[in-house]
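Structure at a glance
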Amino acid sequence: MKRIICLLAAAVLLAGGCGASVAEIAPEGRIRCIVMGWDHFRTMEDTSPCSANNVEIMTAVFRDFLPGAEITRKFGGTARAEDFAKLIAETCRGATEADVLYLYLSTHGVIWEENGETRMAFLISDGKEEDALEPRRIREILDGIPGRKILILDACHSGAVAEEITGENYRVIASGGRMEDSYFWIAPNRPEAGTGYFTSALEGALRASLPEQIDPDGDGWVTAEELRGRMEEIYGASTLSCSGAGFGPEETEGAAKAVFRMTEAAQTETRITGIRFDQTEQEENRTAVSFRFTVRRETRVDYRLIPMKNGKWAFDDAMTLPDRERSGGVRGQLSPGEKTRRIRVSEENLGEEGKALLQIISLQGLHGQVPVLEASKMIVRGEEN
């Protein structure tokens, strides 16, 4: 963990490879990506190593799916709103209306009541100092930057930004609704392993989807709507909140509406691809969910069922089962090939609120000890979808 933080402690400017293809997103301008995350807070729970790993994941996503983009990454350190604004301004110095800015944030999001109004802010902190960035302040900072802005946000209550930052120059993809929590995971006995569910799903949508799932029109571009559609299939922990150009009928055609460029090379290392959930069906005293996926390389797979209690996922009450397949005599070890599975969830396992989160988890690493969340789906009692 210390090694990860040291590598990310200062802002680093990275240059991608040849930008000939992705340049069509900004044919007369530049594409800049700012990737920021915080794990250490003064007033909230420490989330190590989740935001640090989220920053690494999104840096790689921008590098692979926006080749040629200029990437600035910064983990921690920035603990004041004025320093945040300064970083944005310095990174975007000389920007024009032809440019595109991607801003990714991973942190705690908080809400509170003030004078009858529900307010929301992102926390930025170095563990000692701490500041709150409200959506209106982020909007003020970004309004001073010419060009299009695409915000990708992994934080509780981040849907407030999708509600408040709108307009033809903005696109927002947020991990949850204004009043909704977002979630992260940390692997037991593996303190270096953990990410945000939203960030993991975004990476999985790009790296582990079949072409028809992430790029249904086959034009080689992933639009905001295509990304949203695929993420909603494999991200069940909370509700995506999206806004801005790219989510409505006013959207332009061609590369100008895209947010990512598909590259086959970026998908070659995945072990499981093409996860597809079929219709949920009701059986006597049980809810059945069927799904399919393809295993590219031998890997272990577990299924985890998490009930909802008091409006939140009760992770401490989760039930984990290995896949039924036995490759090499080991239950849960899957051989390469196409797989079809059907899981039946009892009334008891759905819990008092009749909702549960089903997770598909692969176990990777040299000894299969590092869990990777491949997909999740919310199961609701009495609902067929």
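Residues numbered from 1 in each chain as written. Predicted model: local features only at pLDDT ≥ 70, side-chain atom pairs only at ≥ 80, totals over all residues. Heavy atoms only, no water.

Digging into helix 8 (residues 224–234)
Inspection of helix 8 places Ala224, Glu226, Leu227, Arg230, Met231 and Ile234 among the buried residues, and these make up the whole buried set. Down the axis of helix 8, the buried side of the element spans an arc of 160°, and every buried residue falls inside it. (Buried < 20%, exposed > 50% of the residue type's maximum accessible area, 1.4 Å probe, protein only. Helix = DSSP H or I, 4+ residues; strand = E, 2+ residues; numbered from the N terminus. Arc of directions from axis to C-beta.)

Quick word on the pattern of salt bridges
Tallied over the entire structure, the rule returns 30 salt bridges. A salt bridge links Glu117 to Arg136; the nearest nitrogen and oxygen atoms lie 3.2 Å apart. With Glu117 in strand 6 (residues 117–125) and Arg136 in helix 4 (residues 135–143), this pair connects stretches of sequence that are 19 residues apart. Assessed through its relative accessible area of 37%, Glu117 is described here as partly exposed. As a salt-bridge pair, Arg136 and Glu134 come within 3.9 Å of each other at their nearest N and O atoms. (Salt bridge = Lys/Arg side-chain N within 4 Å of Asp/Glu carboxyl O.)

Overview of the nonpolar core
Ranked by internal contacts, the top residues of the largest apolar core, which has 71 residues, are Phe62, Tyr102, Leu206, Leu227 and Phe260. Sequence-distant contacts of Phe260, that is, excluding residues within four places in its chain, are made with Val61, Phe62, Phe65, Leu66, Ile152, Leu206, Trp221, Val222 and Leu227. Judged by nonpolar contacts, the second largest core, of 35 residues, contains Leu87, Ala160, Val161 and Ile165. (Core = buried A, V, L, I, M, F, W, Y, C linked by side-chain atoms within 4.5 Å. Contact = heavy atoms within 4.5 Å.)

Description of the sheet that holds strand 7 (residues 130–133)
Pairing is antiparallel in the open sheet, where 3 strands are placed in the order 5-6-7. In this open sheet, the two edge strands, each paired with only one partner strand, are strand 5 (109–114) and strand 7. Neighbour-to-neighbour, the strand axes of this sheet turn through a mean angle of 40°, independent of strand direction. With respect to the sheet, helix 3 (residues 81–91) is in contact with strand 6 and strand 7, its orientation differing from that of strand 7 by roughly 60°. (Pairing = 2+ DSSP bridges. Axes fitted to C-alpha atoms, helices over the stretch in contact; angles between N-to-C directions.)

Quick notes on the confidence of the model for the protein
Here the protein averages 87 in pLDDT, while 88% of its residues score no lower than 70. In the predicted structure, residues 1–20 sits below a pLDDT of 50 and forms 41 contacts with residues beyond four places in sequence or in another chain. (pLDDT = per-residue confidence, 0-100.)

Points about unusual backbone geometry
With an omega of 5°, the peptide bond running from Ser48 to Pro49 counts as cis. As for its position among the elements, Pro49 is in the loop between strand 2 (31–37) and helix 2 (50–65). Its identity is not glycine, yet Asn285 carries a phi of approximately 65°, on the positive side. Here Asn285 shows up in the loop between strand 16 (281–283) and strand 17 (286–295). At Asn310, a residue that is not glycine, the phi angle is positive and equals roughly 55°. Residue classification places Asn310 among the exposed residues on the basis of a relative accessible area of 76%.

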